[in-house]
Amino acid sequence: MASAAITLAADAPTLSAANTGFMLICSALVLLMTPGLAFFYGGMVRVKSTLNMLMMSFISIGIVTILWVLYGFSMAFGSDNGSIIGWTSDYVGLSGIETGDLWSGYTIPVLAFMVFQLMFAIITPALISGALADRVKFTAWALFVALWATIVYFPVAHWVWGTGGWAFDLGVIDFAGGTAVHINAGAAALGVILVIGKRVGFKKDPMRPHSLPLVMLGAGLLWFGWFGFNAGSWLGNDDGVGSLMFVNTQVATAAAMLAWLVYEKIRHGAFTTLGAASGAVAGLVAITPSGGAVSPIGAIVVGVVAGLLCAMAVGLKYKLGYDDSLDVVGVHLVGGVVGSLLVGLLASGKGQSEVEGLFYGGGMTQFWKQCAGVFAVLAYSLIVSAILAFILDKTIGMRVSEDEEVAGIDQAEHAETAYDFSGAGGGAAKSTVVPPAPAATSKKVDA
């Protein structure tokens, strides 16, 4: 994903209506992913946690939008300071950006780039919420989102995509967010759950998804919106790279879904709808960093590897004892790592850049660069997120009470329930219709 400063020179590129319209549509598609994520997560939890799960995603839209306008865009994409953070005063409150200012080197307005990146900033903390289902105070979660976006997401976005960011300058390839979004969110999820602990009844009580149709709807919306997430990250359609990313997004997602289902059938004896949905998301995650660098055949490899490894990884929480409620670690962290590292092996040199991976004769150079980006983001997000959770837990408290968790976090935190069963059976008046008399019983016995 490209980044630069405002272009004001007289010879600046001319605004392209086609590219600008495309980017605005892609921005809307990426925004749709957050409600899609809400449905995906909302269907995976028990009935008593449905609304809370939806709200944990929706509140991110409100909080992060305001922070991004006030200072987040400046921190992520402003002028570089020490390769760690950005800052441009004209970006604060968007006060110094004119409607005609173009993003440097591109034919789209700064505002179009800003709002596209906003949608990435929104969904990233929302991804974390799936690991914390059933047990986190809504006020604590809202404060965590604000702090985490400021201290973790905005700086990491600058590292990876901002001009002067250390990962950007090193040459780490992350087309649309394998490190900045998925590894970042997955590592944060692990850090928080290690602090706040397990749900009541973890590994004892059944905690099955209450609505698999809702899960499938959410997965479908995510898949649809992800085309904007990935293809839009090239910021235009002038050279075909965005089209390559679009194709690879579809190919890798299909491959990962099939791989997950095959693993599931062999391991557990059934092809489940939850497995299909989870496999698709794993493929989407893995192709996000790599899709602009690999060929369609490479995308199949990325999808298959991600589908298999993520399917294996989701069971680790039972073996290792951490309660990743909705498999954020197993899918987003593992999928992000897989997709990011495979760039170093499968980059064809015919996509977003001429960089070639090991299997295309490029040696291990790019692989080690990918490792640097992956493990730096993982470590930073894991540690800082755990510290934030610890501070919040010791001050305002992160968890609801055990009684509230058992009774249902929806009622405790939102005074609502997802489904109203008051009119469904049990309260109907007795029928006054007299049933017909039974027919006479025949006494004839067949010979």
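Colleague: Please explain the layout of surface pockets as it appears in this structure.
Modeller: Leftover empty space is mapped by rolling, across the atoms, a probe with the size of a water molecule. The computed volume of the largest pocket comes to approximately 790 Å³. Lining the largest pocket we find 29 residues, and of these Leu-274, Val-314, Lys-317, Tyr-318 and Asp-327 sit closest to its centre. Among the secondary structure elements, those contributing two or more residues to the lining of the largest pocket are α8 (241-268), α9 (273-290), α10 (296-313) and α11 (316-320).

Colleague: How should I be thinking about unusual backbone geometry in this particular structure?
Modeller: A negative phi angle is the norm for most residues apart from glycine, just as the trans form is the norm for most peptide bonds. At Asp-134, a residue that is not glycine, the phi angle is positive and equals roughly 85 degrees. Mapped onto the fold, Asp-134 is located in the loop between α3 (110-128) and α4 (138-161). Although it is not a glycine, Ala-415 adopts a positive phi angle of roughly 55 degrees. Within the element layout of this structure, Ala-415 appears in the segment after α15 (409-414).

Colleague: What is the right way to read the environment of Ser-89 from this model?
Modeller: Note on placement: Ser-89 falls in the loop between β3 (85-86) and β4 (102-103). With a relative accessible area of 51%, Ser-89 lands in the exposed category. In this structure the C-alpha to C-alpha distance between Ser-89 and Ser-74, which are 15 residues apart in sequence, comes to 7.2 Å.

Colleague: I would appreciate a short explanation of α10 in the present structure.
Modeller: For an α-helix, the turn length of 3.6 residues means that residues three or four places apart are oriented alike. Taking 1.5 Å per residue as the helical rise, α10 with its 18 residues ought to reach 26 Å, and the 25 Å between its terminal C-alpha atoms agrees with that figure. Among the residues of α10, Gly-298, Ala-299, Val-302, Gly-303, Ala-306, Gly-307, Cys-310, Ala-311 and Ala-313 are the ones counted as buried.

Colleague: Before we go on, may I ask you to explain the pattern of salt bridges in this structure?
Modeller: When the charged atoms of two side chains lie near each other, side chains of opposite charge can form a pair. Counted under the stated rule, the structure contains six salt bridges. Measuring nitrogen to oxygen at the nearest pair gives 3.0 Å for the salt bridge that ties Arg-46 to Asp-134. Taken together, the positions of Arg-46 in the loop between α1 (17-44) and α2 (50-77) and Asp-134 in the loop between α3 and α4 put the pair 88 residues apart, joining distant regions of the chain. One exposure class covers both Arg-46 and Asp-134, and it is buried. With a closest N to O distance of 4.0 Å, Arg-135 and Asp-323 form a salt bridge. Of this pair, Arg-135 sits in the loop between α3 and α4 while Asp-323 sits in the loop between α11 and α12 (328-346); the two residues are 188 residues apart in sequence, bridging distant segments of the chain. We note that Arg-135, like Asp-323, is buried. Salt bridges sharing partners connect three or more residues here, namely Arg-46, Asp-134, Arg-135, Arg-199 and Asp-323.

Colleague: Sorry, what's going on with the packing of aromatic side chains here?
Modeller: Two descriptors summarise a pair of aromatic rings, namely the distance from one centre to the other and the angle between the planes of the rings. Enumeration over the complete set of coordinates arrives at 24 aromatic pairs. Ring plane angle 15 degrees and centroid distance 4.2 Å describe the contact between Phe-120 and Phe-229, whose orientation is recorded as stacked. Highlighted residues: Phe-120 in helix α3 and Phe-229 in helix α7 (residues 212-231), separated in sequence by 109 residues. The class of Phe-120 is buried, set by a relative accessible area of 0%. Three or more aromatic residues joined by ring pairs form one cluster here, namely Trp-68, Tyr-71, Phe-73, Phe-77, Tyr-91, Trp-103, Phe-113, Tyr-153 and Phe-154.

Colleague: Would you mind showing me how to read empty space enclosed by the protein here?
Modeller: Applying the stated rule across the entire model yields two cavities of 30 Å³ or more. Its boundaries defined by the atoms lining it, the largest cavity holds a volume of some 50 Å³. Taken together, Phe-40, Tyr-41, Met-44, Ser-278, Val-281, Leu-326, Asp-327, Val-328, Val-331 and His-332 make up the full set of residues lining the largest cavity. Going through the elements one at a time, α1, α9 and α12 are the ones with two or more residues in the lining of the largest cavity. Its residues assigned to classes, the lining of the largest cavity shows seven nonpolar, two polar and one charged. Lining the second largest cavity are Met-44, Val-45, Arg-46, Ala-133, Asp-134, Arg-199, Met-207, Ser-325 and Leu-326. Its residues assigned to classes, the lining of the second largest cavity shows five nonpolar, one polar and three charged.

Basis of the calculations
Residues numbered from 1 in each chain as written. Predicted model: local features only at pLDDT ≥ 70, side-chain atom pairs only at ≥ 80, totals over all residues. Heavy atoms only, no water. 1 Å grid on protein atoms, 1.4 Å probe; cavity = no way out; pocket = protein on both sides within 12 Å on 5 of 7 lines; lining within 4 Å. Points joined across faces, edges and corners; volume = space filled by probe spheres on them. Helix = DSSP H or I, 4+ residues; strand = E, 2+ residues; numbered from the N terminus. Buried < 20%, exposed > 50% of the residue type's maximum accessible area, 1.4 Å probe, protein only. Expected span 1.5 Å × (residues − 1). Salt bridge = Lys/Arg side-chain N within 4 Å of Asp/Glu carboxyl O. Phe/Tyr/Trp six-rings, centres within 6.5 Å; stacked < 30°, edge-to-face > 60°. Nonpolar A, V, L, I, M, F, W, Y, C, P; charged D, E, K, R; others polar.

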